[in-house]
Amino acid sequence: MIDRPTRLTWGMVLVGVATLVGAVLLGVLVGPIHIPLADVIGRLTGSQTLSQRQADILSVVRLPRVVLGGLVGSMLALAGAAYQGVFRNPLADPYLLGVAAGAGLGATIAITAGATLGLVPIAAFVGAVAGVAATYGLGRTAGSRSTTTLILAGVAVASFLTAVQTYLQQRHTQVLRQVYSWILGRLSTSGWSEVTLVLPYLLVGGVVILLHRRMLDVLSLGDEEAGALGVPVRRVRLFVVAAATLGTAAAVAVSGLIGFVGIIVPHAIRLVTGASYRVILPLSAMFGAAFLITADVAARTVLSPAELPIGVVTAFLGAPFFVLVLRTSKDAR
Amino acid sequence: MTGLTISQLRVAFGDTVVLKGVDMGVAPGEWLGLIGPNGAGKTTMLRAIHGTIPSAGSVTFEGRSIAALPGPARARRAAFVPQRPSAPPEMRVLDYVLLGRTPHIPYLAVEGRHDVEVALEALHSLDMWAFSQRRLGELSGGEFQQIVLARALAQEASLLLLDEPTSALDIGNQLQVLGVIDRLRREHSLTIVSAMHDLTLAAQFCDRLVLLADGSIAANGPPPEVLRAPLISRHYGATVRILEDGHGGLVVAPLRQNGRSSTR
């Protein structure tokens, strides 16, 4: 018998890295223009065997898209695991607490106001943060500290914001298509600008969440027992929620609404490795990236040459998974 | 006195006063049992001693005010075990016991080799080493209660606050777990305050009993002084008979109010 605590092992990291590398290669290689693997590796290691056109497609179209997909997927999965930890709710998701509805409203306001496309992500970011702030405020004035109150406040805020968004949409039917294409999520990029735009937020959000990995394990005992162990429960919750929201808002700002990643990925990892956030968080970051890159490949190829919104792909996989989680967590009770 | 000293401890939730200025002391190494009917304020008292709910008055342990200490320092001195500790079913026993090391580990740091050794030693003290890789969901109620004690032990606090530590167990497990607590407090010189539901077990294991009623102390002394039939009857609203067990201990036997009804 090994008397070691449950920790991330090198074996797990290896599997994670291998999966991620596989997904990246898939994302780079699959597309309407054929680019051979050997040439891609050559390009990355400095030798030039590709035509100028192929090289451009690789470095301006495919690579930034794959990197952005990886970053967004990583953040959504990490944030999902973090929300599930602080709220002790297996169904918590980055889109809970009004993130999605706030971002949707922000983007809609920007689009209907005729803002340039560069302003849409910023408006979405502001909307997402405002949505969470409203949920938090409402949850607090409701008086109870219980996480259920907060989640119900999230539902109320989301309904309200969505109602406003729908109203605006109906008033400006000429931009309906544009609003919907944003809401359904997409990873189409214009080079590396989106990547550099979100990277700082994702780094800060991701690092803060990962640093709290042991705290999330303590929090799984509930507020009272964690508090009795000397943990400042409310501060931990505030830090982790703020970090997860910041990261999610940044991800949503550039990718639109991509649902279910934050539920599918952490849960699949939990099923295989057990309950410790020491394992769940780092693996969620790796597999979240691999998952979204792969989902994006599917979005690009299923209806090729047309493109399916990636949010449709993740929802198609995620909704049945959500039901599965709902059923198994009911059994556990 | 260097043990636990409580003076004029008062707790109110809104307009409801739950503790009305309680004074009592617990000597180092002593096991004090808090008894009293439901709603008498036993759990509130334990929480107020631990400083996790706001209270007026003072609680000092080893000469220092517990409430004035920051969270981790408080948790290094006093461990609190609630009546129904949460048990994430997927969590492994060793990981669970390691959570007891939390007050010894800086906020964002992770545990070191020493912490793992302390956790394993705590499991060893309870003869539960063999369970270290089991999941909490696989344990019986009695086994889990001992793992909870191992976690409290890993906390290395010298004051143990237990809220009805055996209320969910059958009598065999109750005796075993209380026996373990008694052995641990002697081996590790712990001071114990426990809320007790079962008066016979309280009489058999505690050095001293405090009877709480309506937020005040109704009696305070060794079990034979507190467990007197009229006193218990008055505060619990139950007819009881106090019997001697033949080994210097007492048994509190509840009696049916109007005698046994005749069977038809």
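Please read these numbers as outputs of a predicted model, since none were measured by experiment.

Quick notes on the overall build of chain A
Check the secondary structure of chain A and you find 14 helices and 0 strands. N-terminal to C-terminal, the α/β element order of chain A is α-α-α-α-α-α-α-α-α-α-α-α-α-α. Expected size for 333 residues packed as a compact globule is a radius of gyration near 20 Å; at 20 Å, chain A falls within 12% of this value. For chain A, long-range pairs separated by at least 24 residues make up 77% of all intrachain contacts whose partners lie at least 6 apart in sequence.

Re the overall build of chain B
Counting its regular elements, chain B contains 9 helices and 12 strands. Seen through its principal axes, chain B has C-alpha atoms that stretch 65 × 45 × 35 Å. Taken across its 264 residues, chain B has 43% of its residues classed as buried. Considering only intrachain contacts with a sequence separation of at least 6, the fraction spanning at least 24 residues in chain B is 64%.

Quick look at the interface of chain B and chain A
The partner chain A presents 23 residues to the 27 residues of chain B that form the contact. Every element with two or more residues in the side of chain B that touches chain A is listed here: helix H2 (71-77), helix H3 (93-98) and helix H4 (113-125) of chain B. Of all the elements, H2 of chain B adds the most residues to the side of chain B that touches chain A, at 4 residues. Of the residues that constitute the side of chain B that touches chain A, the class distribution is 16 nonpolar, 7 polar and 4 charged.

Observations regarding the confidence of the model for chain B
Confidence in the prediction for chain B averages 91 pLDDT; 97% of positions are at 70 or higher. What the predictor reports for the complex is a pTM of 0.87 with an ipTM of 0.89.

A closer look at the nonpolar core
Counting 180 residues, the largest nonpolar core has Ala103 and Ala249 of chain A together with Val97, Ala150 and Leu161 of chain B as its most contacted members. If sequence neighbours within four positions are ignored, Ala150 of chain B has contacts with Val97, Ala122, Leu123, Leu126 and Met128 of chain B.

Side note on helix H6 (residues 171-187) of chain B
All names here are of chain B. Helix length check: H6 (17 residues) gives 24 Å between terminal C-alpha atoms against 24 Å at 1.5 Å per residue, within 8%. On its buried side, H6 packs onto H4, helix H5 (141-154), strand E8 (191-195) and helix H7 (199-205). Where H6 ends, the next residue or the one after it, Ser189, has phi of about 40°, a positive value.

Side note on the sheet that holds strand E2 (residues 16-26) of chain B
All names here are of chain B. Within the open sheet, the 4 strands sit side by side as E2-E1-E4-E5. Their pairing is antiparallel. Looking along the sheet, the strands with just one partner apiece sit at the ends: E2 and strand E5 (64-65). The pairing of strand E1 (residues 4-13) with strand E4 (residues 56-61) spans 5 bridges and is antiparallel. Of the residues in E4, the one forming a bridge with Ser7 is Ser58. Of the strands in this sheet, E1, E2 and E4 are in contact with helix H1 (residues 42-50), which crosses E2 at around 65°.

As for the sheet that holds strand E6 (residues 78-81) of chain B
Residue and element names in this part refer to chain B. Spatial ordering of the open sheet is given by E6-E7-E8-E3-E9-E10, a layout of 6 strands whose pairing is mixed. Edge positions in the sheet fall to E6 and strand E10 (216-221), since each of these pairs with one other strand and no more. Recorded for the sheet is a direction-independent mean angle of 15° between the axes of neighbouring strands. One ladder, built from 5 bridges, connects strand E9 (residues 208-213) with E10; its direction is antiparallel.

Regarding the environment of Arg101 of chain B
On the secondary structure map, Arg101 of chain B appears in the loop between H3 and H4. A C-alpha to C-alpha distance of 8.9 Å links Arg101 of chain B and Ala152 of chain B, two positions 51 residues apart in sequence.

Here we look at the packing of helix H5 (residues 119-141) of chain A against helix H11 (residues 233-255) of chain A
Residues and elements named next belong to chain A. Contact pair H5 / H11: the axes reach a minimum separation of 8 Å and the direction vectors enclose 145°. As H5 runs across H11, the sense of the crossing is right-handed. For the pair formed by H5 and H11, the contact residues are Pro121, Ile122, Ala124, Phe125, Ala128, Val129 and Val132 on the first element and Thr245, Thr248, Ala249, Ala250, Val252, Ala253 and Val254 on the second.

Definitions and cut-offs
- Residues numbered from 1 in each chain as written.
- Chains lettered and ligands numbered in written order.
- Predicted model: local features only at pLDDT ≥ 70, side-chain atom pairs only at ≥ 80, totals over all residues.
- Helix = DSSP H or I, 4+ residues; strand = E, 2+ residues; numbered from the N terminus.
- Rg over C-alpha atoms; globule rule 2.2 N^0.38 Å.
- Contact = placed C-beta atoms within 7 Å.
- Buried ≥ 20, exposed ≤ 12 C-beta atoms within 10 Å, placed from the backbone.
- Nonpolar A, V, L, I, M, F, W, Y, C, P; charged D, E, K, R; others polar.
- pLDDT = per-residue confidence, 0-100.
- Core = buried A, V, L, I, M, F, W, Y, C linked by C-beta atoms within 7 Å.
- Expected span 1.5 Å × (residues − 1).
- Pairing = 2+ DSSP bridges.
- Axes fitted to C-alpha atoms, helices over the stretch in contact; angles between N-to-C directions.
- Left-handed = near helix turned anticlockwise from the far one by under 90°.

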